[in-house]
Amino acid sequence: MSNAVTIDIQVEQQAAHQVLHINPQGSGGDRALRGTIQIPGDKSISHRSLMLGAIAQGETRIQGLLVGEDPQSTAHCFRAMGVEISPLNSTLVTVQGIGLGNLQEPDRVLDAGNSGTTLRLMLGLLASHPDRLFTVTGDHSLCRRPMGRVVKPLQQMGAMIWGRQGASLAPLAVQGQRLQPLHYHSPVASAQVKSCVLLAGLMTEGETTVTEPALSRDHSERMLRAFGAKLTVDPHSHSVTVQGPTQLQGQSVVVPGDISSAAFWLVAGAIVPGSELLIENVGVNPTRTGILDALMAMGADIQPENQRDVAGEPVADLRVRASALKGCDIGGALIPRLIDEIPVLAVAAALAQGKTVIRDAAELRVKESDRLAVVASQLSKMGATITELPDGLEISGGSSLNGAEVDSYTDHRIAMGFAIAALVAQGKTSIGRAEAASISYPDFVTTLRGICP
Ligand code: S3P
């Protein structure tokens, strides 16, 4: 009998949804993953390039933009406000900027779909456009996510916003105003909150400052500067100040690959015995590389190669080779640096020897799904020993996983995280509502097939 293992991957359409079946076939043997992977563009940087391009003067040219559903939502909203944006599925995307303060009142409801970044960042711009009324909404998941965290500072700046539960849930109506500057001390380390207030500050006479409890991703700061905003950063107090009003100039933007998408392959390469993967063109901005720190602390063999700077963002190729992992403690300031990678990190922890404790991550409860509850319930179905904590997860790793029927809860990072868990499971795993992956990674299954035996 040969030792060959093949991993059978099938996508089954069931009415409006897809089920992703992953079935490692053949016993024992080598399941090793191999290949060179190109990942899609960074989602956070893609949104920002479209938005800043829209409100800048002149043309913005974007290479490497993520052609996922979330950036499509951003493009859709800004087109409805009079901005010309070329189709997103071309190598070079152009945005014809209309200049600061010139977004038009749309004659329809702006739909941010599943995208928290679209809705929260856009609210800062809408609230600061006087004499225009905007109505905004999103899908079922987005309409359950907290908007009070951005509505509150905007109201302190004088914004007029209405919605359910004291304007803390979409749909929302926004009557644009001339706003007052603010020094906002955010209770959460959130790049969406920070960016929303800074974008409102762009249109506002005076200095608008955001101070956050720990540093969140700084893509807005980098890109605002590159577009010509008057911006100062105090790294010691985690404060950013924008001096308004500032006119922005259209730029050429090169979007690096998304480390949050690379994370699936980093974990896959680390946990499937014998694997070696090279993931090219990964954005390694230090506010995003917590996943590398955590995996390396667990004993993962990850080598950055060819480190370089591309249009103001650090980039590297990452080589990962399988190795034995051990559990570790994850919390504090590391959390904002790997917030989106925790579902797939939990998969690595389930395979690692010993205990992994993730704390300070209550934010995961208000992502596209309640990621603490969903990871705990679905990973348990695969035989993992995992306990949900109020602000994290406790995972006792080291036992093998078995195939199971799990559900994505329409959350892209859950769908993809469980596809990685399926690679090391005994028997078939079926992931319900797996089409969610298209939010940030439309080619996920194609790439997965390409590296599997
Ligand atoms: C994002 C910030 C993070 C992250 C999200 C994208 C951004 O959210 O989870 O996927 O582009 O600013 P929070 O700001 O809510 O932490």
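Residues numbered from 1 in each chain as written. Predicted model: local features only at pLDDT ≥ 70, side-chain atom pairs only at ≥ 80, totals over all residues. Heavy atoms only, no water.

Under the annotation held in an unreviewed UniProt entry, the chain carries the name 3-phosphoshikimate 1-carboxyvinyltransferase and is attributed to Prochlorothrix hollandica PCC 9006 = CALU 1027. Quoted verbatim from the Subunit (unreviewed entry) field of UniProt, the annotation for the chain is "Monomer." In its Pathway (unreviewed entry) section, the UniProt entry covering the chain states "Metabolic intermediate biosynthesis; chorismate biosynthesis; chorismate from D-erythrose 4-phosphate and phosphoenolpyruvate: step 6/7." (UniProt positions renumbered as here; feature names shortened; annotations may be inferred.)

A. Local environment of the sheet that holds strand β7 (residues 110–111). In space, the four strands of this open sheet follow the order β7-β8-β10-β9, with mixed pairing throughout. Each edge of the open sheet carries a strand with a single partner, namely β7 and β9 (160–163). Pairing between strand β8 (residues 133–137) and strand β10 (residues 169–175): four bridges, direction antiparallel. Across the sheet, residue V136 finds its bridge partner in β10, namely L172. (Pairing = 2+ DSSP bridges. Helix = DSSP H or I, 4+ residues; strand = E, 2+ residues; numbered from the N terminus.)

B. Local environment of the side chain of H47. Relative to the elements of secondary structure, H47 occurs in helix α1 (residues 43–55). Setting aside chain neighbours within four positions, we find H47 in contact with D70, P71, T74, S115, T117 and T118. (Contact = heavy atoms within 4.5 Å.)

C. Just helix α10 (residues 342–351), in detail. For α10, the tally of buried residues reaches nine of ten residues, placing the bulk of the element in the interior. Taken together, the buried positions of α10 are I342, P343, V344, L345, A346, V347, A348, A349 and A350. (Buried < 20%, exposed > 50% of the residue type's maximum accessible area, 1.4 Å probe, protein only.)

D. View of the site of the ligand. Close to the ligand lie K43, S44, R48, T117, S190, A191, Q192, R217, I339, D340 and K367, which account for all nearby residues. A distance of 3.0 Å is found between an oxygen atom of the ligand and a backbone nitrogen or oxygen belonging to A191. Notes on the ligand: free accessible area 390 Å², of which the protein chains cover 94%. Judged by the fraction of its atoms near the pocket grid, the ligand is located in the largest pocket. At the level of secondary structure, the elements contributing two or more residues to the shell around the ligand comprise α1 and α6 (191–202). (Near = heavy atom within 4 Å. Polar contact = N/O pair within 3.5 Å; in protein donor to acceptor, adjacent residues only side chain to side chain. Areas by Shrake-Rupley, 256 points an atom, 1.4 Å probe, with all protein chains shown as cover. 1 Å grid on protein atoms, 1.4 Å probe; cavity = no way out; pocket = protein on both sides within 12 Å on 5 of 7 lines; lining within 4 Å. Sits in = over half its atoms within 2 Å of the grid points.)

E. Layout of the environment of A333. Turning to its location among the elements, A333 is positioned in the loop between β19 (329–330) and α10. Classification of A333 as exposed rests on a relative accessible area of 53%. Measuring from C-alpha to C-alpha, the distance between A333 and G417 comes to 23 Å, with 84 residues separating the pair along the chain.

F. Broad picture of the UniProt feature "active site" (unreviewed entry) in the chain. UniProt records the feature "active site" (unreviewed entry) for D340 in the present numbering. Structurally, the position occupied by D340 is in the loop between β19 and α10. Exposure remark for D340: the relative accessible area of 12% places this residue in the buried category. In contact with D340, other than residues within four places in its own chain, are R217, S260, K367, R371 and R413. There is a polar contact of 3.2 Å between the side chain of D340 and the side chain of R217.

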